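Results of the structural survey
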Amino acid sequence: MSWGKTNKPSPIDSLIGVGSTITGDIEFTGGLRIDGHVIGDIRSTGDKPGTLVLSEMAKIEGEIDVDHVVVNGTVAGTVRAKEYLELLPKARVTGDVSYKTIEIHVGAVIMGRMIHEGEPRFTDKVIEFKQATGN
């Protein structure tokens, strides 16, 4: 993973294990790893950037809004990675994906729009050209 100095991921301090099904929205701080099934939205809160890791066994039905997201499972819903998104080979996302920085491994599939949320590379400056005077 290519993390910038200011965008370090949070260590994983919570786990939703294989065989677990959670129905309802989840808000967390720090790091969360999901190996099970979540039916609901997932959001990170707090002052420090949150990290969400979805293993290849994870299945999410809902929206994700987290700073750092690593996906190797299935997501049916919008994914918003405020800083960094990594899609590993078994990632399957059905929904729009927005990100500031993205890394996509061979085999990952996105069925939706990809939306970059970084700084615009072009400015709205208009350059006026003077008319050529011919003599």
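Since this is a predicted model, take the numbers as computed values, not measurements.

A few points about the overall build of the protein
Check the secondary structure of the protein and you find zero helices and 16 strands. A buried classification covers 37% of the 135 residues belonging to the protein. At a minimum sequence separation of 6, the contacts of the protein that also span at least 24 residues come to 10%. Approximately 8500 Å² of the protein is accessible, and the part contributed by carbon and sulfur atoms is 52%.

Re the side chain of asparagine 72
When you line up the elements, asparagine 72 lands in the loop between β9 (64-71) and β10 (74-76). A distance of 2.9 Å separates the side chain of asparagine 72 from the backbone nitrogen of lysine 90, its partner in a polar contact.

Here's the deal with the nonpolar core
Formed by 24 residues in total, the largest nonpolar core has its most connected members in Ile34, Ile42, Leu52, Leu54, Ile64, Val71 and Leu85. At the level of elements, β3 (26-28), β4 (31-34), β7 (51-54), β9, β11 (79-87) and β13 (97-99) are the ones that each hand at least two residues to this core.

Points about the pairing of β7
Neither face of β7 is left uncovered, since the one carrying Thr51 and Val53 and the one carrying Leu52 and Leu54 both have all their residues buried. Bridge count between β4 and β7: four bridges; the pairing is parallel. Paired with leucine 32 across the bridge in β7 is leucine 52. Bridge analysis of β7 against β9 gives four bridges, and the strand direction is parallel. Directly across from leucine 54, in β9, lies its bridge partner valine 71.

What counts, and where the lines are drawn
- Residues numbered from 1 in each chain as written.
- Predicted model: local features only at pLDDT ≥ 70, side-chain atom pairs only at ≥ 80, totals over all residues.
- Heavy atoms only, no water.
- Helix = DSSP H or I, 4+ residues; strand = E, 2+ residues; numbered from the N terminus.
- Buried < 20%, exposed > 50% of the residue type's maximum accessible area, 1.4 Å probe, protein only.
- Contact = heavy atoms within 4.5 Å.
- Areas by Shrake-Rupley, 256 points an atom, 1.4 Å probe, with all protein chains shown as cover.
- Polar contact = N/O pair within 3.5 Å; in protein donor to acceptor, adjacent residues only side chain to side chain.
- Core = buried A, V, L, I, M, F, W, Y, C linked by side-chain atoms within 4.5 Å.
- Pairing = 2+ DSSP bridges.

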